[in-house]
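In case you want the letters, here they are:
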Amino acid sequence: MTLVECMRLLELPDSATVEEIKRAYRRLAQQLHPDKKKGDPQAQLQFIEVSKAYRMLVNAARACRQGKPVGTCRDCGDFGEVSIGLDGHPRCGRCIFHPAGGHLLPLPVFVVVKCTITIVLLAVGVYLLVVGTANDSKAYGIAAACAGMLGLVSLAITCLSIVQCIHPRDRARQSK
Ligand SMILES: [Zn+2]
């Protein structure tokens, strides 16, 4: 049984704190306890598996700090403290800054596209402003203001999408 399978068995997401692992185990152990499920061999087998998975996880997480999410790194496969990237996958401290693909942060493609659009719009705005100031041209000034406004709107949308990306995940974690 791999540690990823252990997490699945305890009905946990890809990463969880040791506290969350304990809570999940207690809940399942109560449901499956042989005293409660007398004469149910399936439940007995499940109880043994869940207990084994719990012991494996707690052993593997021994060196981890309290309150830190632990899990299996998506890139290198090491089990330990992990951070969740914006793509929702857990990575260890080493891989979070050097994920497969070479980006600094594991961003979903659409966020990268939106960031690029924002940067281009703001750059165009600045360029038009500089040219407009040099030529003392009103048309350039108006164009610069438009590009600048579009850039800010694009920036706001990008920020909101990143917040939305993180928020439901945190809520899901808290409700567990
Ligand atoms: Zn890693």
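For the rest of this paragraph, the subject is the overall build of the protein. Helices and strands together make up the secondary structure of the protein, namely six helices and five strands. Of all 176 residues assigned to the protein, the portion counted as buried reaches 23%. Intrachain contacts of the protein at a sequence separation of at least 6 include 45% that bridge at least 24 residues.

This part is about the sheet that holds strand 1 (residues 15–16). Read across the open sheet, the three strands follow the order 1-2-3; overall the sheet is antiparallel. At either end of the open sheet lies a strand with only one pairing partner, and these are strand 1 and strand 3 (79–81). The pairing of strand 2 (residues 70–72) with strand 3 spans three bridges and is antiparallel. Opposite Val 70, over in strand 3, you have Glu 81 as the bridge partner.

Let's shift gears to the environment of Gly 85. Within the secondary structure, Gly 85 sits in the loop between strand 4 (83–84) and strand 5 (90–91). Here the alpha-carbon distance between Gly 85 and Phe 97, two residues twelve residues apart in the chain, equals 9.7 Å.

Note: most residues except glycine have negative phi, and most peptide bonds are trans. Even without being a glycine, Glu 11 presents a positive backbone phi close to 55°. Along the polypeptide, Glu 11 turns up in the loop between helix 1 (3–9) and strand 1. Its identity is not glycine, yet Asp 136 carries a phi of approximately 55°, on the positive side. Mapped onto the elements of the fold, Asp 136 is located in the loop between helix 5 (109–135) and helix 6 (138–175).

Direction vectors running N to C along helix 2 (residues 18–32) and helix 3 (residues 41–60) enclose 165°, while the axes themselves pass 10 Å from each other. Viewed along their axes, helix 2 and helix 3 adopt a mutual orientation that is roughly antiparallel. Regarding helix 2 and helix 3, the two cross each other, and that crossing is left-handed. For the pair formed by helix 2 and helix 3, the contact residues are Val 18, Ile 21, Tyr 25, Leu 28, Ala 29 and Leu 32 on the first element and Ala 43, Gln 46, Phe 47, Val 50, Ser 51, Tyr 54, Leu 57 and Val 58 on the second. Here the contact of helix 2 with helix 3 is composed, by residue class, of twelve nonpolar, two polar and no charged.

Since the α-helix packs 3.6 residues into each turn, any two residues three or four apart lie on the same face. Compared with an ideal rise of 1.5 Å per residue, which puts 15 residues at 21 Å, helix 2 spans 21 Å between its outermost C-alpha atoms and is within 8% of the ideal. Residues of helix 2 that are buried: Ile 21, Ala 24, Tyr 25, Leu 28 and Leu 32. The buried residues of helix 2 occupy an angular sector of 100° when the element is viewed end-on, so they sit on one face. Every exposed residue of helix 2 that faces more than 90 degrees away from the buried side is listed here: Glu 19, Arg 26, Arg 27 and Gln 30. Where helix 2 is buried, its residues contact strand 1 and helix 3.

Another aspect to go through is the nonpolar core. Counting 23 residues, the largest nonpolar core has Leu 10, Ile 21 and Val 50 as its most contacted members. Listing elements by their share of this core, those giving two or more residues are helix 1, helix 2, helix 3 and helix 4 (93–97). With residues near it in sequence (within four places) discarded, Leu 10 still touches Ile 21, Ala 24, Tyr 25, Leu 28, Val 50, Ala 53 and Tyr 54.

On to the environment of Ala 53, then. Along the chain, Ala 53 turns up in helix 3. A sequence separation of 45 residues divides Ala 53 from Arg 8, and the C-alpha atoms of the two residues are 9.3 Å apart. Residues in contact with Ala 53, not counting those within four places in the same chain, are Met 1, Cys 6, Leu 9 and Leu 10.

Moving on to the environment of Lys 114. Along the chain, Lys 114 falls in helix 5. Judged by C-beta crowding, with 19 C-beta atoms within 10 Å, Lys 114 ranks as partly exposed. In this structure, the C-alpha to C-alpha distance between Lys 114 and Leu 155, residues 41 residues apart in sequence, is 7.9 Å.

How each quantity is defined
Residues numbered from 1 in each chain as written. Predicted model: local features only at pLDDT ≥ 70, side-chain atom pairs only at ≥ 80, totals over all residues. Helix = DSSP H or I, 4+ residues; strand = E, 2+ residues; numbered from the N terminus. Buried ≥ 20, exposed ≤ 12 C-beta atoms within 10 Å, placed from the backbone. Contact = placed C-beta atoms within 7 Å. Pairing = 2+ DSSP bridges. Axes fitted to C-alpha atoms, helices over the stretch in contact; angles between N-to-C directions. Parallel < 35°, antiparallel > 145°, perpendicular 65-115°, else oblique. Left-handed = near helix turned anticlockwise from the far one by under 90°. Nonpolar A, V, L, I, M, F, W, Y, C, P; charged D, E, K, R; others polar. Expected span 1.5 Å × (residues − 1). Arc of directions from axis to C-beta. Core = buried A, V, L, I, M, F, W, Y, C linked by C-beta atoms within 7 Å.

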